[in-house]
Amino acid sequence: MGEKALFDEFSEMTTTEWISKITQDLKGADYDETLVWKSPEGVNVKPFYDKSDVDESLKVPIPICGWKIGHYILVEDVKSANENAINAIKCGAESIVFCVSKETQSGTQLLSEINLKEITVYFNLQFSSIIYIKTILDFAGKGGQPNVFFNIDVLGDFVKTGNWNINEEEDFNFLNKVISLNSTNSIQVDTSQYQNAGGNIVQQLAYSLNHANEYLNYFNENNILDKVESITFKVAIGSNYFFEIAKLRAFRLLWKTLVAAYNMPIKMHIVAIPTKRNKTLYDYNVNMLRTTSETMSSVLGGADMICNQPYDAIFHKSNDFGERIALNQLLLLKNESYFDKVSNAAEGSYYIEAITQNIANKAFLLFKEIEEKGGFISALKQGEIQNQIKNSAQKERERFNTKQEVLVGTNKYQNTADKMKNDLEIHSFQTDVSGDTCAVPISESRLAEEVELELLRNE
């Protein structure tokens, strides 16, 4: 063939010519009504995309270091939690997340026999203790250990409970003290609550950015912004496969824009987890399929660490089988499906790139709207963010009730012989925060709860 390009003999078709051909094949049917659908975020999804739909100058800054397999451990007994971690590492886990509820649960014992040069460890602390953090830092190595993260999110606690741990000033002072220990990987922005409460993708991104911007403002005003190396973002991933890939990519574009305004190269470290929003009690094995799709979106979207959810996590206590299946799903993606061999695999897909840029633009507009009205904390106290999420959740529930939004085994294709009443080991339904609060809490709730309660009553 010499130097002749393979497809030179074919003339290039313009976008107008493609639309003309499609319109002709529709035989009178309306192009927009027949082939264009609108997502809950207001994004018009077309039947085809080409380079004219994408701004080529916007490159998503995906890290090239690859993604790690995570394993979540709720610490009750320290010795058992440490054994669980060591066993998970032997079985393929590359990161461990310890959820620690009491200061008496020794952090150094939890880290015993864990090689911090190879394994990344995250601490979700449900208490404020400088001594606890300092002890871990001293154990890990003076000056901090880059593979140890403290997921401190005082704003996230405020979002969930509607109250500060102590008060706003003291809570932020605690952050200041932690950063002064030279613990550069201390801050987390838990964005999962927005997804699990029913917020759409644009809302999730916008409020997450507002959430993070409150921290950046505080650090900047207190002259400690240069001490913050990275911020961890905990992101819940839903079932809209391509949109969830685009969500993570859009998040990185938005973060790049935000930190540029502060002229600081603060890294974004994304920890992805499957959403709780679409998980079901009935026909619960389908949850394995849901989390497989969600973890695949996490990989292709560019997450740094992925922590899977056991298929029975919403109704069973932690158990070896559920945890092993969850870990194996990630191991299959990495070792048998080769999802770790290509970095930024979604780059170049006009469809994904167009959705990425579209939702990023919409989220940035909503972000600016919240900032112009006084910022994240002010919007929470006024109930604006809560109302917008509530409206989004109600629309999603209406789609679920009319079966436009399908959860297989629950609102469609039910197994009438399925019984769950005697299998509930933990509380599986929304728990509202009672008492006086500074702001209305944003409470997570599963889409199937109303149907499941009715099914349980009728067993």
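Everything here concerns the structure above.
Numbers given to residues run from 1 along each chain, matching the order in which its sequence is written. Side-chain atom pairs in this predicted model are given and counted only at pLDDT of 80 or more, local residue features only at pLDDT of at least 70, and totals for whole chains, interfaces and linings cover all residues. Heavy atoms from the whole structure form the basis of all side-chain values; hydrogens and water molecules are not counted.

**Student:** Provide a residue-level description of the overall build of the protein, including the pertinent values.
**Tutor:** Only DSSP runs of H or I covering at least 4 residues are called helices, and only runs of E covering at least 2 are called strands; the numbering of each starts at the N terminus. Within the protein, the secondary structure is distributed over 16 helices and 10 strands. Radius of gyration here uses only the C-alpha atoms, and the compact-globule reference equals 2.2 Å multiplied by the residue count raised to the power 0.38. Here the C-alpha atoms of the protein give a radius of gyration of 23 Å, agreeing with the 23 Å that 2.2 N^0.38 yields for 459 residues. By principal-axis analysis of the C-alpha atoms, the protein measures approximately 70 × 60 × 50 Å. We call two residues in contact when some of their heavy atoms are within 4.5 Å. When contacts within the protein are restricted to residue pairs at least 6 apart in sequence, long-range pairs at least 24 apart make up 77% of them. All accessible areas in this document rest on Shrake-Rupley with a 1.4 Å probe, and a residue is counted as covered only by the protein chains that are shown. On the protein, roughly 22200 Å² of surface is accessible, and the fraction owed to carbon and sulfur atoms is 50%. Only four residue types enter the charge count: Lys and Arg as positive, Asp and Glu as negative, with His and the chain ends excluded. Note on charges: their place is set at NZ of Lys, CZ of Arg, CG of Asp or CD of Glu. For the protein, the distance from the average site of its 45 positive side-chain charges to the average site of its 62 negative ones is 1 Å.

**Student:** Tell me about the pairing of strand β4 (residues 95-100), and name the residues and values.
**Tutor:** Burial of β4 is extensive: 6 of the 6 residues sit out of reach of the surface. The side-chain alternation of β4 yields two buried faces, one formed by Ser 95, Val 97 and Cys 99 and the other by Ile 96, Phe 98 and Val 100. Bridge analysis of strand β3 (residues 68-74) against β4 gives 5 bridges, and the strand direction is parallel. Each residue of the ladder has a partner; that of Tyr 72, found in β4, is Val 97. With its strands directed away from the observer, a crossover is right-handed exactly when the path from the first strand over the helix to the second travels clockwise. Remark: the β3/helix α3 (residues 78-90)/β4 crossover connection has right-handed handedness. Pairing between two strands is assigned when DSSP locates at least 2 bridges connecting them. The pairing of β4 with strand β5 (residues 120-125) spans 6 bridges and is parallel. Considered in β5, the bridge of Ile 96 is made with Val 121. Each residue is placed in one exposure class: buried if its accessible area under a 1.4 Å probe, protein chains only, is under 20% of its type's maximum, exposed if it is over 50%, and partly exposed if it falls in between.

**Student:** Can you tell me about empty space enclosed by the protein, naming the residues and giving the values?
**Tutor:** Only protein atoms enter the calculation, which uses a 1 Å grid: trapped sets of points that fit a 1.4 Å probe without letting it out are cavities, open sets showing protein on both sides within 12 Å along at least five of seven lines are pockets, and any residue with an atom within 4 Å of a point is a lining residue. Grid points are joined across faces, edges and corners, and a volume is the space filled by probe spheres set on the points. With the rule as written, the count across this model stands at 1 cavity of 30 Å³ or more. Put simply, the parts of the chain that give the lining of the largest cavity at least two residues each are α9 (201-221) and α10 (241-262). A per-element tally of the lining of the largest cavity places α9 first, with 3 residues. When residue character is reported, Ala, Val, Leu, Ile, Met, Phe, Trp, Tyr, Cys and Pro are called nonpolar, Asp, Glu, Lys and Arg charged, and the others, Gly included, polar. Taken together, the residues of the lining of the largest cavity sort by class into 3 nonpolar, 3 polar and 1 charged.

**Student:** Before we move on, can you summarise the packing of α9 against helix α13 (residues 350-372) with the specific residues and values?
**Tutor:** Note on definitions: angles span 0 to 180 degrees between N-to-C directions of axes, and those axes are lines fitted to C-alpha atoms, for helices only across the stretch in contact. Between α9 and α13, whose axes approach to 8 Å, the crossing angle comes to 45°. Judged by the angle between their axes, α9 and α13 are oblique. Crossing of α9 against α13: the hand is right-handed. The residues of α13 that touch α9, namely those facing Ile 201, Val 202, Gln 203, Leu 205, Ala 206, Tyr 207, Leu 209, Asn 210 and Asn 213, are Ile 359, Lys 362, Ala 363, Phe 364, Leu 366, Phe 367, Ile 370 and Glu 371. Here the angle decides the label: under 35 degrees means roughly parallel, over 145 means roughly antiparallel, 65 to 115 means roughly perpendicular, and every other value means oblique. Should the near helix be turned anticlockwise from the far one by less than a right angle, the crossing is termed left-handed; should it be turned clockwise, right-handed.

**Student:** So what about the sheet that holds β5? Which residues, and what values?
**Tutor:** Read across the open sheet, the 8 strands follow the order β6-β5-β4-β3-β10-β9-β8-β7; overall the sheet is parallel. Two strands in the sheet have a free side with no partner beyond their single neighbour: β6 (148-150) and β7 (187-190). The mean angle between the axes of side-by-side strands here comes to 25°, regardless of whether they run parallel or antiparallel. Examined bridge by bridge, β7 and strand β8 (residues 230-237) share 4 bridges and lie parallel to one another. Along β8, the bridge assignment pairs Asp 190 with Lys 234. With respect to the sheet, helix α5 (residues 130-140) is in contact with β4, β5 and β6, its orientation differing from that of β6 by roughly 170°. Running over the sheet, α10 touches β8 and β9 (267-274) and is turned about 155° from β8.

**Student:** Summarise the packing of aromatic side chains; cite the residues concerned and give the values.
**Tutor:** Both the distance between ring centres and the angle between the ring planes are used here to describe each pair of aromatic rings. Any pair of Phe, Tyr and Trp rings, taking the six-membered ring for Trp, is counted once the centres come within 6.5 Å. Such a pair is stacked with planes under 30 degrees apart, edge-to-face with planes over 60 apart, and tilted for the rest. Applying the stated criterion to the full structure yields 22 aromatic pairs. Among the aromatic side chains, those forming a connected cluster through ring pairs are Phe 158, Trp 164, Phe 172, Tyr 215, Tyr 218 and Phe 219. To sit over a ring, a charge needs its Lys NZ or Arg CZ within 6 Å of the ring centre and within 35 degrees of the ring normal. The side chain of Lys 46 reaches across the aromatic face of Tyr 49, ending 5.2 Å from its centre. Above the plane of the ring of Phe 429 lies Arg 446, whose end atom (NZ or CZ) is 5.5 Å from the centre.

**Student:** Mind laying out unusual backbone geometry, listing which residues take part and the relevant values?
**Tutor:** Positive phi values are uncommon outside glycine, yet Lys 27 reaches one of about 55°. Note that Lys 27 resides in the loop between α1 (15-26) and α2 (31-35).

**Student:** Pulling in residues and values, what's your account of helix α15 (residues 384-401)?
**Tutor:** What a helix is expected to span follows from its residue count: subtract one and scale by 1.5 Å. For α15, with 18 residues, the first-to-last C-alpha span of 26 Å sits near the 26 Å given by 1.5 Å per residue. Those residues of α15 lying buried are Glu 384, Ile 385, Gln 386, Gln 388, Ile 389, Ser 392, Ala 393, Glu 396, Arg 397 and Phe 400. Where α15 is buried, its residues touch α8 (192-196), α9, α13, α14 (376-382) and α16 (449-457). Where α15 terminates, the next one or two residues include Lys 403, which has phi positive at roughly 65°.

**Student:** Explain the environment of Lys 276 to me, using residue names and the numbers behind them.
**Tutor:** One can find Lys 276 in the loop between β9 and α11 (286-301). Look at Lys 276 and you get partly exposed, because its relative accessible area is 34%. When sequence neighbours within four positions are dropped, the list of residues in contact with Lys 276 reads Asn 196, Gln 309, Glu 444 and Arg 446.

**Student:** Go over the nonpolar core with me, naming the residues and quoting the values.
**Tutor:** Counting 107 residues, the largest nonpolar core has Phe 98, Phe 123 and Trp 255 as the members making the most contacts within it. If you look at the next biggest cluster of nonpolar residues, it comprises 8 residues, including Tyr 122, Ala 236, Val 271 and Ile 273. What makes a nonpolar core is a set of buried Ala, Val, Leu, Ile, Met, Phe, Trp, Tyr and Cys residues whose side-chain atoms join them at distances within 4.5 Å.

**Student:** Provide a residue-level description of the packing of α9 against α10, including the pertinent values.
**Tutor:** Contact pair α9 / α10: the axes reach a minimum separation of 10 Å and the direction vectors enclose 25°. As judged from the angle between their axes, α9 and α10 are roughly parallel. For the pair α9 and α10, the crossing hand works out as right-handed. Along the contact surface, α9 presents Ile 201, Gln 204, Leu 205, Ser 208, Leu 209, Ala 212, Asn 213, Leu 216, Asn 217 and Asn 220, while α10 presents Phe 243, Glu 244, Lys 247, Ala 250, Phe 251, Leu 254, Trp 255, Leu 258 and Tyr 262. By residue class, the composition of the contact of α9 with α10 is 12 nonpolar, 5 polar and 2 charged.

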